[in-house]
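Observations on the three-dimensional arrangement
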Amino acid sequence: TDRGRMEVFSGASPYVSYGSVLGSFAAVHLGHACAVLPDISGDGASDVAVSAPSYSANGVGYVYLYSLAPSFTPLHSYFGQPGEAFGWSVGAIDADAPSGDYVVIGAPLADNGALTDAGRVLVYTTPSSTFPSGAVLHAVHSGTQAKASCGASVAGGAALASAIALGKADYAFG
């Protein structure tokens, strides 16, 4: 049914499942991409961004943030535009900055004006003490050629100390 599923395991040996979340209906593709975040919720457990790039009938994709505390508490959701495959790829940036951490989301089928499927990458802040009510769009990178599929892959990592001082973090996309 292509509902999809996110399953979380302990990194300790033996590997122990912390639990799972199932897609809510057919063709959601929950778990198409996921990335572990530092503890943005303040509950002492890591958090995770998990995508469902085909969430709705009109092709609007979603990315959900969950706390990995025992109950898999939903924290926040992001959503894209119809048909752009929002959430095809997901990355996390541990910025260790006052503004919080970031989620990098790929939408490889997004159009850029007349450029069909040029793709785009969106960088959002995560909910934090600076942005308690949710996330703020931090940056958008759009493909510059038709069929470029910018955002088919994204990656984030820990920010360099010099980048943190400037309020910036490292990420890559293709």
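I will try to describe carefully the structure that is included in this document. (Residues numbered from 1 in each chain as written. Predicted model: local features only at pLDDT ≥ 70, side-chain atom pairs only at ≥ 80, totals over all residues. Heavy atoms only, no water.)

1. Comments concerning the overall build of the chain
- A tally of regular secondary structure across the chain gives one helix and 12 strands.
- The order of helices and strands in the chain, counted from the N terminus, is β-β-β-β-β-β-β-β-β-β-β-α-β.
- For the chain, with 174 residues in total, the buried portion stands at 43%.
- Of the contacts formed within the chain by residues at least 6 apart in sequence, a portion of 45% connects residues at least 24 apart.
- Accessible area for the chain stands at about 8,400 Å²; split by element, carbon and sulfur atoms hold 57% of it. (Helix = DSSP H or I, 4+ residues; strand = E, 2+ residues; numbered from the N terminus. Buried < 20%, exposed > 50% of the residue type's maximum accessible area, 1.4 Å probe, protein only. Contact = heavy atoms within 4.5 Å. Areas by Shrake-Rupley, 256 points an atom, 1.4 Å probe, with all protein chains shown as cover.)

2. A few points about unusual backbone geometry
- The backbone of Asp-117 sits at a positive phi, close to 55 degrees, despite the residue not being glycine.
- Mapped onto the fold, Asp-117 is located in the loop between strand S8 (100-107) and strand S9 (120-125).
- Asp-117 gets classed as buried once you look at its relative accessible area, which sits at 17%.
- Not every positive phi belongs to a glycine, and Ser-149 is a case in point at roughly 55 degrees.
- Along the chain, Ser-149 turns up in the loop between strand S10 (137-142) and strand S11 (154-156).
- The exposure class assigned to Ser-149 is partly exposed, which follows from its relative accessible area of 25%.

3. A word on the sheet that holds strand S4 (residues 47-52)
- If you trace the four strands from one edge of the open sheet to the other, you get S3-S4-S5-S6, paired in antiparallel fashion. Each edge of the open sheet carries a strand with a single partner, namely strand S3 (34-37) and strand S6 (74-79). The mean angle between the axes of side-by-side strands here comes to 20 degrees, regardless of whether they run parallel or antiparallel.
- Summarising the sheet, S4 and strand S5 (residues 62-67) pair through six bridges and their orientation is antiparallel. By the bridge assignment, Val-48 is partnered in S5 with Tyr-66. (Pairing = 2+ DSSP bridges. Axes fitted to C-alpha atoms, helices over the stretch in contact; angles between N-to-C directions.)

4. Concerning the packing of aromatic side chains
- Counted by the stated rule, this structure contains four aromatic pairs.
- Relative to Tyr-66, the ring of Tyr-64 lies with its centre 6.3 Å away and its plane at 45 degrees, an arrangement referred to as tilted. When sorted by exposure, Tyr-64 lands in the same class as Tyr-66, which is buried.
- Seen from their ring centres, Tyr-78 and Tyr-124 are 4.7 Å apart, and the 45 degrees between their planes marks the pair as tilted. (Phe/Tyr/Trp six-rings, centres within 6.5 Å; stacked < 30°, edge-to-face > 60°.)

5. Describing the pairing of S9
- For S9, a buried count of six out of six residues is recorded, marking the element as mostly surrounded by other parts of the structure.
- Where burial is concerned, the two faces of S9 agree: the one with Arg-120, Leu-122 and Tyr-124 and the one with Val-121, Val-123 and Thr-125 are both buried.
- Relative to S10, S9 runs antiparallel, the two being bridged by five bridges. The partner of Arg-120 across the bridge, within S10, is Ser-142.

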